[in-house]
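# Residue-level structure breakdown
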Amino acid sequence: MADLRINLAGIASPNPFWLASAPPTNTGYQVQRAFEAGWGGAVWKTLGDPIINTSSRFAAIHFNGQRVAGFNNIELITDRPLEINLKEIYETKKRFPNHAIVVSLMVEPNREKWHEIVKKVEAVGVDGLELNFGCPHGMAERGMGAASGQQPDLVEAQTMWVKEAATTPVIVKLTPNITDITSTAKAAVRGGADAISLINTINSLAGVDIDTWNTIPHVGGKGSHGGYCGPAVKPIALHMVADCARNPEVGVPISGIGGISNWRDAVEFMLMGATGVQICTAAMHHGFRIVEDMIDGLNNYLDEKGLVSVTDLIGKSVPRYSDWGNLDLNYAVVARIDTDTCINCNKCHIACEDTSHQCIDMLTDDQGQSYLQVREEDCVGCNLCAIVCPVDGAISMIEVSGTDAPMTWNERQEAIGKLSEGKDSTKKEAV
């Protein structure tokens, strides 16, 4: 079995699976149950001045028979007194000394208040701190959470204030509700962050009840925007993690968050630069025991790949992630249909005919049997037919060799520029 231990900026953990700061880490009882189940670490639900939460507060998006494809909440930070949380953190760390306990913090942008809460929390023996600059609702209206996290100068300043008082590693949790997440990631690093975590939840409205016209959820007939998470946000989170991982001005360890539901998702995040992952919605949907399958699956995967440590995955796919202008315009794939596997549902033909490049023909063989065939000379390799096909293996995307040498858009523009310069030079010489 491979070694699943990780070390995130000095925070050691027996495996890369942590519970994110959220309802599952609200109490010592819950975190201890999670550690008993096998979770490597937990980020304690955000501490600060206790607030009053609403009822109701959760909503979910169910799609095509899948329960909880997306999850929305309007719950805020802890509604329990700081002293009780600190007592339970101390007891939990004492009982599970080898598990990672990181505490999420949120206070108003005030240097003294940050110093005060940092000292109180570190006094009970935590392994690290996570600064919540991501919550998009409720706390943001009070100048905290995403309201701070959307302003690089405030991210930098508050991180610096925390680092002035902190003796444990500081992780800065970033909001995705921003145009360029690397701007705040770099600000966190300038402020001294030891690591970053992303993404926090995405601003959202789960839905509207078309019978009552109430928002979902609603509180006595009124609703509010909330934070969106769950499997549906994974592509957004993976992109933002990768963007930070490939940016040389960030350059600190990353804790990946957003739509991670199984060990495969965790592997994707680690390949894209995450040292470990945090999970919330999947645990809320299925319970803490899901970590057993995650650990087993990850172990088996690493064994199959011949890797001795999970850390061998970190960042291996980052060099393969680039900007569109660096993609080879002369690389080509085409679709090919396996007629023995195809069930002739015609979904590929309909999709291609109506919304793509009209290159799948409906033909009839010598026995009068209908079949589908791709006109490869007209196929642009868009992948749509393979995506809509309901049968695995019926349509494959095949690389085809071309006569043109590889050339990216950026290289093409550079070549055009040099050609133009050459022509201008020739004109000047003629004059």
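Residues numbered from 1 in each chain as written. Predicted model: local features only at pLDDT ≥ 70, side-chain atom pairs only at ≥ 80, totals over all residues. Heavy atoms only, no water.

### Here's the deal with the nonpolar core
A general feature of soluble globular proteins is that nonpolar side chains tend to end up buried together. In terms of nonpolar packing, the biggest core is built from 90 residues, with Phe-17, Trp-39, Leu-47, Ile-196 and Leu-198 touching the most fellow members. For this core, the leading source of residues is helix H10 (residues 290-305), giving seven residues. The next biggest cluster of nonpolar side chains, apart from the first, holds 15 residues, and it includes Val-374, Cys-389, Ala-394 and Ile-395. (Core = buried A, V, L, I, M, F, W, Y, C linked by side-chain atoms within 4.5 Å. Buried < 20%, exposed > 50% of the residue type's maximum accessible area, 1.4 Å probe, protein only. Helix = DSSP H or I, 4+ residues; strand = E, 2+ residues; numbered from the N terminus.)

### Looking at the sheet that holds strand E9 (residues 170-174)
Judged by pairing direction, the barrel is parallel, and its eight strands sit side by side in the order E3-E4-E7-E8-E9-E10-E15-E16 before closing back on the first. Taking each pair of neighbouring strands and ignoring which way they run, the sheet shows an average axis angle of 25°. Here strand E7 (residues 100-105) pairs with strand E8 (residues 128-133) via four bridges, running parallel. Within E8, the residue paired with Val-102 across the bridge is Gly-128. Contacts from helix H1 (residues 28-37) reach strand E3 (17-19), strand E4 (41-47) and E7, with the element oriented near 165° to E4. Relative to the sheet, helix H6 (residues 181-190) contacts E9 and strand E10 (195-198), its axis offset from that of E9 by approximately 160°. (Pairing = 2+ DSSP bridges. Axes fitted to C-alpha atoms, helices over the stretch in contact; angles between N-to-C directions. Contact = heavy atoms within 4.5 Å.)

### Regarding the layout of surface pockets
The space that makes up the largest pocket amounts to roughly 560 Å³. Ser-21, Ala-22, Thr-201, Cys-229 and Cys-280 are the residues nearest the centre of the largest pocket, which is lined by 41 residues in total. For the lining of the largest pocket, the secondary-structure elements that each account for two or more residues are E4, strand E6 (66-73), strand E14 (226-229), strand E16 (274-279) and helix H9 (281-286). Of the residues contributing to the lining of the largest pocket, the split by class is 21 nonpolar, 16 polar and four charged. In this structure, the second largest pocket is lined by Gly-48, Asp-49, Pro-50, Leu-82, Glu-83, Val-107, Lys-113, Glu-116, Ile-117 and Lys-120. Every element with two or more residues in the lining of the second largest pocket is listed here: helix H2 (82-95) and helix H3 (111-122). Top contributing element to the lining of the second largest pocket by residue count: H3, with four residues. When the residues that make up the lining of the second largest pocket are grouped by side-chain class, the tally is four nonpolar, one polar and five charged. (1 Å grid on protein atoms, 1.4 Å probe; cavity = no way out; pocket = protein on both sides within 12 Å on 5 of 7 lines; lining within 4 Å. Points joined across faces, edges and corners; volume = space filled by probe spheres on them. Nonpolar A, V, L, I, M, F, W, Y, C, P; charged D, E, K, R; others polar.)

### Thoughts on empty space enclosed by the protein
In this approach the atoms are scanned with a rolling probe the size of a water molecule, which exposes any empty space left behind. Taken as a whole, this structure holds two cavities of 30 Å³ or more when the rule is applied. Here the largest cavity is characterised by a volume of approximately 110 Å³. For the largest cavity, the lining is made up of 17 residues, of which Cys-352, Ser-356, Cys-359, Cys-382 and Cys-385 are closest to its centre. The set of elements that each furnish at least two residues to the lining of the largest cavity consists of helix H11 (347-355) and helix H12 (384-388). The leading source of residues in the lining of the largest cavity is H11, at three residues. Class assignment for the residues of the lining of the largest cavity results in 13 nonpolar, four polar and no charged. Class assignment for the residues of the lining of the second largest cavity results in eleven nonpolar, two polar and no charged.

### So, the sheet that holds strand E11 (residues 202-204)
If you walk across this open sheet you meet the four strands as E5-E6-E14-E11, and the pairing is antiparallel. This sheet does not close on itself; its edge strands, each paired only once, are strand E5 (58-63) and E11. Neighbour-to-neighbour, the strand axes of the sheet open up by a mean angle of 40°, direction not taken into account. Across three bridges, E11 lies against E14 in antiparallel orientation. Bridged to Ile-202 within E14 is Tyr-228.

### A closer look at the pattern of salt bridges
Two side chains that carry opposite charge are able to pair once their charged atoms sit near each other. For the coordinates displayed, the defined rule picks out 20 salt bridges. Salt bridges sharing partners connect three or more residues here, namely Lys-45, Arg-57 and Glu-75. (Salt bridge = Lys/Arg side-chain N within 4 Å of Asp/Glu carboxyl O.)

### Focus: helix H7 (residues 234-245)
In this model H7 runs 16 Å from its N-terminal to its C-terminal C-alpha over twelve residues, within 8% of the 16 Å that 1.5 Å per residue would give. Buried within H7 we find Lys-234, Ala-237, Leu-238, Met-240, Val-241, Ala-242, Asp-243 and Cys-244. (Expected span 1.5 Å × (residues − 1).)

### Some words on unusual backbone geometry
A cis amide bond links Ser-55 to the next residue, Ser-56, at an omega of 5°. Positionally, Ser-56 belongs in the loop between E4 and E5. The step from Ile-216 to Pro-217 runs through a cis peptide bond, and the omega angle for that step is -5°. The backbone of Val-68 shows a phi angle near 55°, a positive value even though the residue is not glycine. Structurally, Val-68 can be placed in strand E6. In the Ramachandran plot, Gln-358 falls in the positive-phi region, its phi being about 50° despite a non-glycine side chain. Among the residues examined, Gln-358 registers a relative accessible area of 36% and is labelled partly exposed.

### Some thoughts on the packing of helix H5 (residues 152-165) against H6
The interhelical angle for the contact between H5 and H6, taken along N-to-C directions, is 25°, at an axis separation of 7 Å. One finds that H5 runs roughly parallel with respect to H6. Along this stretch, H5 crosses H6, giving a crossing that reads as right-handed. Together, Pro-152, Val-155, Glu-156 and Thr-159 of H5 and Ser-183, Thr-184, Ala-187, Ala-188 and Arg-190 of H6 make up the contact between the two elements. Residue composition of the contact of H5 with H6, grouped by class: four nonpolar, three polar and two charged. (Parallel < 35°, antiparallel > 145°, perpendicular 65-115°, else oblique. Left-handed = near helix turned anticlockwise from the far one by under 90°.)

### Overview of the side chain of Asn-26
Secondary-structure assignment places Asn-26 in the loop between E3 and H1. Asn-26 has contacts with Trp-44, Lys-45, Thr-78, Arg-80 and Asn-85, leaving out every residue within four places of it along the chain.

### As for the pairing of E16
Judged by how many residues are buried, E16 sits mostly within the fold: six of six residues are covered. By the bridge criterion, three bridges tie E3 to E16 in an arrangement that is parallel. By the bridge assignment for E16, Trp-18 is matched with Gln-278. With four bridges joining them, strand E15 (residues 254-257) and E16 adopt parallel strand pairing.

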